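So you can see what is in the structure, the chains are spelled out below.
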There are 2 protein chains.
Amino acid sequence: MELCSCYLLQGLTEDQKNRVTSVSKETAMESGQRIFTEGDEAIALHILKEGAVELMTVVENDFEMPVAILRNPGDCFGTPALLKPHVHSLTARCVEKGCLFTIKQFDLQKQIKDDPALGCVIMGNLAEYFLKRLKESRQELKVLFKTLLRYTRS
Amino acid sequence: MELCSCYLLQGLTEDQKNRVTSVSKETAMESGQRIFTEGDEAIALHILKEGAVELMTVVENDFEMPVAILRNPGDCFGTPALLKPHVHSLTARCVEKGCLFTIKQFDLQKQIKDDPALGCVIMGNLAEYFLKRLKESRQELKVLFKTLLRYTRS
C-alpha cells in the first residue's frame, strides 16, 4: 500500500503500520484544487496516493514561491498537523488530478498515546525529515548569498 | 538546573528529567575552542550551562557563514546526534569561556529504548524545533530572493 511507503512510517512493525492505515481515509483531488493554505490550522496529515501536489510559500502578497512538487506515491505533506501549534507553514495545491490518504491529527495522536513506541518512531522520522529540509534550505541560502555577493561586488 | 530548561526536555515528568540529567556530564570550554565541525560524526548532544557558542556553516572553502550564537543557559546544539545518519550539519565554536552539559547519544538512546514515551516527547520537541528553524530559513530565503530580484531588475 502506498501509505506504508511514507517516510513517517519507516521503522514501524507491520502491526503498527496496520493501525495507522486503519484510521486513514482516501480523498479524490482535482487539478487546481487548494488542499490547504499557509497559516491554516493543520488538522490532518496527507499522503499522496496518485497525482501531484505543489507546495508553495507566500513571498509578496501576490506572489507564491514554489518549494516542492510531490509526485511519488507515499510522499507526505501537512506534517505540522503533528506538532504544536498545528499551523500549516506552506500552501498545498493539486497540480495533477489524483487521490490522497488523509489521517486526522486527532486519530494519530490517539494512536501515539496508546503506543508511545509508535509515536517515538514517527516523531523521530519527522525530525529527521525536517533536518534534511533545513540542510537543503541552508544550501539554497548559501547559493543565493554567493550570487548576491557577486551582484553587490560588480 | 540549566539542563532542564532545554527545549528537548519540555513535557517530560520530573522522574524522566532526572533520568536524562543522570547521564549528563559537565565539560569546561575555552574561548576559541572548536566543539565539533560540520560533517563530523555526531556522538553527543550539548546543552549550554555557561558562556556562549557560535554555530556556523561553510559557504566557501575559506568562509564560514554564521547561523546562530547561543548564549542562554539551556540552549542546545549537536542535535543531529539523536538522528540518523548522526552527522553534524553545523560547526560549533566557543566564543565565550564557559561550561557545557554533554549527553552521549548512546546513553540517551538507551533511555529512549527503556521508556518510549520519553523518546516520543524528546523527538516531538526536536521535530518542532527543526520546523521552526526551517520556517526561519525559508523566511531568510524569501528576503534574499526579493533582494536578488531587485538587483536583477535594476
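Structural data are supplied above this passage.
Description of the structure in this document. (Residues numbered from 1 in each chain as written. Chains lettered and ligands numbered in written order. Predicted model: local features only at pLDDT ≥ 70, side-chain atom pairs only at ≥ 80, totals over all residues. Heavy atoms only, no water.)

1. Observations concerning the interface of chain A and chain B
With 41 residues of chain A in contact, the opposing surface of chain B contributes 41 residues. Counting each side, the surface lost to burial between chain A and chain B is near 3,800 Å², with a carbon and sulfur contribution of 77%. Sorting the residues of chain A by area buried against chain B places A:Arg138, A:Leu141 and A:Lys142 first, and these three jointly supply 16% of that buried surface. At the boundary of chain A with chain B, the tally comes to two salt bridges. Residues B:Lys142 and A:Glu38 are paired through a salt bridge, measuring 3.8 Å at the closest nitrogen-oxygen approach. Our count for the chain A to chain B interface comes out at five residue pairs in polar contact (both at pLDDT 80 or more). Going through the elements one at a time, strand 3 (44–60), strand 4 (63–70) and helix 3 (116–153) of chain A are the ones with two or more residues in the side of chain A that touches chain B. Top element by residues in the side of chain A that touches chain B is helix 3 of chain A. It accounts for 26 residues. (Contact = heavy atoms within 4.5 Å. Buried area = accessible area lost by both parts, 1.4 Å probe. Salt bridge = Lys/Arg side-chain N within 4 Å of Asp/Glu carboxyl O. Polar contact = N/O pair within 3.5 Å; in protein donor to acceptor, adjacent residues only side chain to side chain. Helix = DSSP H or I, 4+ residues; strand = E, 2+ residues; numbered from the N terminus.)

2. With respect to the side chain of A:Lys142
As for its position among the elements, A:Lys142 is in helix 3. Classification of A:Lys142 by relative accessible area gives buried; the value is 6%. One polar contact links A:Lys142 to B:Thr57, side chain to side chain, over a distance of 2.9 Å. The contact partners of A:Lys142, leaving out residues within four places of it in the chain, are B:Glu38, B:Thr57, B:Val58, B:Val59 and B:Met65. (Buried < 20%, exposed > 50% of the residue type's maximum accessible area, 1.4 Å probe, protein only.)

3. Here's the deal with the pairing of strand 4 of chain A
Residues and elements named next belong to chain A. Of the strand pairs in this sheet, strand 3 and strand 4 are connected by seven bridges, and their pairing is antiparallel. Counterpart to Met56 in the pairing with strand 4 is Pro66. Between strand 3 and strand 4, which follow one another and run antiparallel, lie two residues. (Pairing = 2+ DSSP bridges.)

4. Some details on the pairing of strand 3 (residues 44–60) of chain B
Residue and element names in this part refer to chain B. Most of strand 3 is tucked away: 13 of the 17 residues are buried. In this sheet, strand 6 (residues 91–104) lies alongside strand 3 in antiparallel orientation, the contact comprising 11 bridges. Following the sheet pairing, His46 is matched in strand 6 by Thr102. The sheet contact formed by strand 3 and strand 5 (residues 76–77) spans two bridges and is antiparallel. Of the residues in strand 5, the one forming a bridge with His46 is Phe77.

5. A few points about the packing of aromatic side chains
Following the criterion strictly, the structure yields six aromatic pairs over all chains and no others. Centroid distance A:Phe36 to A:Phe77: 5.9 Å. Interplanar angle 35°. Geometry classified as tilted. Of this pair, A:Phe36 sits in strand 2 (residues 34–36) while A:Phe77 sits in strand 5 (residues 76–77); the two residues are 41 residues apart in sequence, bridging distant segments of the chain. You can call A:Phe77 buried: its relative accessible area is 2%. Each ring, one from B:Tyr7 and one from B:Tyr129, has its centre 4.2 Å from the other, and the planes form 15°; the classification is stacked. (Phe/Tyr/Trp six-rings, centres within 6.5 Å; stacked < 30°, edge-to-face > 60°.)

6. Re the nonpolar core
With 49 residues, the main nonpolar core has A:Leu8, A:Phe130 and B:Leu8 as its most contacted residues. Elements represented by at least two residues in this core include exactly strand 3, strand 6 (91–104), helix 2 (105–114) and helix 3 of chain A together with strand 3, strand 6, helix 2 (105–114) and helix 3 (116–153) of chain B. Counting residues per element, this core draws most heavily on helix 3 of chain A, at 10 residues. Excluding anything up to four places from it in sequence, B:Leu8 contacts B:Leu45, B:Cys76, B:Thr79, B:Leu82, B:Ile122, B:Asn125 and B:Leu126. (Core = buried A, V, L, I, M, F, W, Y, C linked by side-chain atoms within 4.5 Å.)

7. Focus on the packing of helix 2 of chain B against helix 3 of chain B
To describe two helices that pack against each other, one gives the angle between their axes and the distance between the axes. Residues and elements named next belong to chain B. Closest axis-to-axis distance for the helix 2/helix 3 pair is 5 Å, and the angle between their directions is 120°. In terms of orientation, helix 2 lies oblique with respect to helix 3. Here Leu108, Gln111, Ile112, Lys113 and Asp114 of helix 2 come into contact with helix 3, specifically with Pro116, Leu118, Gly119, Ile122 and Met123. Residues that form the contact of helix 2 with helix 3 fall into these classes: six nonpolar, two polar and two charged. (Axes fitted to C-alpha atoms, helices over the stretch in contact; angles between N-to-C directions. Parallel < 35°, antiparallel > 145°, perpendicular 65-115°, else oblique. Nonpolar A, V, L, I, M, F, W, Y, C, P; charged D, E, K, R; others polar.)

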